[in-house]
Each structure stands twice: as C-alpha cells, then as structure tokens.
Number of protein chains: 2
Amino acid sequence: MADPAPAPLPDPPYYAVVFTAVRTPGDDGYEETDERLLKLAADQPGFLGLDAARRADGLGITVSYWRDEESIAAWREHAEHALARAHGREHWYASYSLHVAKVERAYGFTRPADQ
Amino acid sequence: MADPAPAPLPDPPYYAVVFTAVRTPGDDGYEETDERLLKLAADQPGFLGLDAARRADGLGITVSYWRDEESIAAWREHAEHALARAHGREHWYASYSLHVAKVERAYGFTRPADQ
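The paragraphs below set out a description of the structure included in this document. Along each chain, numbering runs from 1 in the same order as the chain's sequence is written. Chain labels run from A onward and ligand labels from 1 onward, assigned in the order the entries are written. For this predicted model, a pLDDT threshold of at least 70 governs which residues receive local features, and a threshold of 80 or more governs which side-chain atom pairs are given and counted, while totals over whole chains, interfaces and linings are taken from all residues. Only hydrogens and water are removed before side-chain values are computed, so all heavy atoms of the structure are retained for them.

1. Notes on the relation of the copies chain B and chain A
The relation between the two chain copies is a rotation about an axis coupled with a shift along that axis. Where we set the bar: Least squares is the method for superposing the copies, and the C-alpha atoms it fits come from residues with pLDDT of at least 70 in both. The contact definition used throughout considers only heavy atoms, calling two residues in contact when any of these lie within 4.5 Å.
The transformation that overlays chain B on chain A combines an axial shift of 0.0 Å with a rotation of 180 degrees, and the residual RMSD is 0.0 Å. Accordingly, the operation relating the two chain copies is best matched by a two-fold axis. Interface overlap between copies: 100% of the residues of chain B at the interface are likewise at the interface in chain A, consistent with a symmetric, same-surface contact.

Structure below.
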C-alpha cells in the first residue's frame, strides 16, 4: 500500500465538503457501503479528491473536494448516495455535521527526502 | 468523558481551516505541544470550534472553525503557534495540506433519543 498523503489538489478556488460524524456501535453494513460510496464519489464529474480519518471513539472526519457547487449538487442527488444518507441517519450515525465551504487558499508541504 | 460529537457552531458564514497531515514516526514532543496548542487556539478571539481525528497509519485531519479571516490571521501570527508550525515542518510531519475555506452552508443531525 502507498504511504498515506493528503489528497493532491489543483489551485483554488474549489469546494470542500466537511462531514464530521460519530458512528453508532457495530458495523451494520457500514464498511461495505462506505467503500462502495468512496469509489462511486471518485467517479463523479467534478470530484477532486478526498481525505478521511476516524478516531477510536467513533468520531470521523471526511473531507471531499469538488470543482464547483454543481458537482456537489449532482453527487447529492445521486440515487445510491441519497439512499446511503437515509440509511446513515437511521442506523450508522449518532450525530453529524456537514459543512459546504469554498476554498480560498491552500498550501502544501512535503518533507524533503533524507540525504 | 463526554460522548464524542461534532463541534457545535453558529449559522454560516464563518471559516473552516482544514489541516490534513501525515505524522512522522515517534512522538518527539508532539502530543504535549498538540494538547497545549488546542487549548491556546480555543482561547483566541473568533475561535468557534474544532474537530480532529487521526488514523492508525498516521494521517490526521484537524478542522478548526473561525469567525472571520482576521481571527485566522491573528492565530497564524501567534508566536507559540508559529514556533510549533516551524517545529512541525522540521520534525512532526511527513506531509500536510492546509485549506482555508469560507463555509456557505452547514447542516447538523443528532439521533433522536431511543424511546
């Protein structure tokens, strides 16, 4: 497996969707759907990249990056995504917040290789 | 300890700073500085909230929320924060990305308590 790294992105402006969620205990089909939806999102027009991390206590953050508002709206209306969101509210999430934000500035850093 | 939950936030607009970073192996003073800086950030004018999660492979996401550009700039110029950032590039991070984004819309969900 490749070393972990933040998603590579073009120059701003573009959009970030920050999804912060606390999982309920147990899997209940979550992992399989999560994996499927990550692949599906990556195939959508305007998808730029995604980073995700989850803590042992169940709180996770997923940040997906999109070209514009239209690509976010189209993904929101995708039938399989809409179904998963409804299932998420019923079963997988104790709480969540979703932020749609326009990225104005971005910086990156990669450690120089050791000599 | 309280149950985990996403940071409670006011109505948009406000700003999100998304910091996605891959840690180098070992602690090297990271945990202590991280804890100290989280407390310090929370005391700054314009700080609205923060969520953070890190994966076992070292990739972590910290999203801090701020009232405006001015409060982000003031925190950026805080001497202890600037010192920690320099130390981070020297020691703690293999790579990172930082996004400054204006939150245009936000939604929250909390599971209704079981009957």
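2. Comments concerning the pairing of strand 3 (residues 59-66) of chain B
Residue and element names in this part refer to chain B. The following threshold applies: For every residue, the accessible area (1.4 Å probe, protein chains only) is compared with the maximum for its type, and the residue is labelled buried under 20%, exposed over 50%, or partly exposed between those bounds. Every helix listed is a DSSP run of H or I at least four residues long, and every strand listed is a run of E at least two residues long, numbered separately from the N terminus. Pairing between strands requires that DSSP locate at least two bridges from one strand to the other.
Most of strand 3 sits inside the fold, with seven of its eight residues counted as buried. The pairing of strand 1 (residues 14-23) with strand 3 spans eight bridges and is classified as antiparallel. Bridging across to strand 3, Ala21 finds its partner in Gly60. Two strands pair when backbone bridges link them, and strand 2 (residues 47-54) and strand 3 are joined in this way by seven bridges, in the antiparallel orientation.

3. With respect to the interface of chain B and chain A
Note the cut-off: Summed over both partners, the accessible surface that disappears when two parts come together, traced with a 1.4 Å probe, is what is meant by buried area. In the sections that follow, a salt bridge refers to a side-chain nitrogen of Lys or Arg positioned within 4 Å of a carboxyl oxygen of Asp or Glu.
With 46 residues of chain B in contact, the opposing surface of chain A contributes 46 residues. Roughly 4,000 Å² of surface becomes buried between chain B and chain A when both sides are summed, with 57% attributable to carbon and sulfur atoms. It is His99(B), Phe109(B) and Arg111(B) that lose the most area in chain B upon contact with chain A, and together they represent 17% of the buried surface on that side. Joining chain B to chain A, the criterion identifies two salt bridges. The salt bridge involving Arg105(A) is made with Glu69(B); its shortest N-O contact spans 2.9 Å.

4. Side note on the pattern of salt bridges
This structure, assessed with the given rule, holds 10 salt bridges over all chains. The partner of Glu80(A) in a salt bridge is Arg36(A), with the nearest N and O atoms 2.6 Å apart. You can see Glu80(A) sitting in helix 3 (residues 79-92) and its partner Arg36(A) sitting in helix 1 (residues 30-42), a full 44 residues away along the chain. In this structure, Asp57(B) and Arg55(B) form a salt bridge, with 2.9 Å as the shortest nitrogen-oxygen distance.

5. Brief notes about the packing of aromatic side chains
To keep things clear, this is the line we draw: Whether two aromatic rings pair depends on their centres lying within 6.5 Å, for rings of Phe, Tyr and Trp, where Trp uses its six-membered ring; planes under 30 degrees apart make the pair stacked, over 60 edge-to-face, and the rest tilted. A ring has a charge above it when a Lys NZ or an Arg CZ is no more than 6 Å from the ring centre and no more than 35 degrees off the ring normal.
Per the counting criterion, the structure on display carries 18 aromatic pairs over all chains. Aromatic pair Tyr30(A) and Tyr93(A): ring centres 6.3 Å apart, planes at 85 degrees, arrangement edge-to-face. Here Tyr93(A) lies in strand 4 (residues 93-110) and Tyr30(A) lies in helix 1, a separation of 63 residues in the sequence. Each member of the pair, Tyr30(A) as well as Tyr93(A), carries the same accessibility label: buried. Taken together, the aromatic side chains of Phe19(A), Tyr30(A), Trp92(A), Tyr93(A), Tyr96(A) and Phe109(B) make up a single cluster linked through ring pairs. A cation over an aromatic ring shows up here: Arg23(A) above the ring of Tyr30(A), its NZ or CZ 4.0 Å from the ring centre.

6. Considerations on the nonpolar core
Condition: By nonpolar core is meant a set of buried Ala, Val, Leu, Ile, Met, Phe, Trp, Tyr and Cys residues that side-chain atoms within 4.5 Å join together.
Ranked by size, the top nonpolar core spans 22 residues in total, and within it Val18(A), Ile61(A), Val63(A), Val18(B), Ile61(B) and Val63(B) carry the most contacts. Apart from residues no more than four positions distant in its own chain, Val63(A) is found in contact with Ala16(A), Val17(A), Val18(A), Gly49(A), Leu50(A), Asp51(A), Val18(B) and Ile61(B).

7. Looking at the side chain of Ser95(A)
Along the polypeptide, Ser95(A) turns up in strand 4. Owing to a relative accessible area of 7%, Ser95(A) belongs among the buried residues under this scheme. Not counting chain neighbours up to four residues away, the residues in contact with Ser95(A) comprise Thr20(A), Ala21(A), Val22(A), Ala5(B), Pro6(B), Phe109(B) and Thr110(B).

8. Comments concerning the sheet that holds strand 3 of chain B
Test applied: What counts as an axis is a line fitted to C-alpha atoms, over the stretch in contact for a helix, and the angles between N-to-C directions run from 0 to 180 degrees.
If you trace the eight strands from one edge of the open sheet to the other, you get 2(A)-3(A)-1(A)-4(A)-4(B)-1(B)-3(B)-2(B), paired in antiparallel fashion. In this open sheet, the two strands that pair with only one neighbour each are strand 2 (47-54) of chain A together with strand 2 of chain B. Taking the axes of each pair of neighbouring strands and ignoring which way they run, one obtains an average angle of 25 degrees across the sheet. The strands touched by helix 3 of chain A are strand 1 (14-23) and strand 4 of chain A together with strand 4 (93-110) of chain B; relative to strand 4 of chain A, the strand with the most contacts, the crossing angle is about 120 degrees.

9. Overview of unusual backbone geometry
All names here are of chain A. The omega torsion across Pro12 and Pro13 is 5 degrees, close enough to zero to call that bond cis. Position of Pro13 relative to the elements: it lies in the segment before strand 1. The phi dihedral of Asp28 is positive, around 55 degrees, even though this residue is not glycine. Note that Asp28 resides in the loop between strand 1 and helix 1. Among the residues examined, Asp28 registers a relative accessible area of 48% and is labelled partly exposed.

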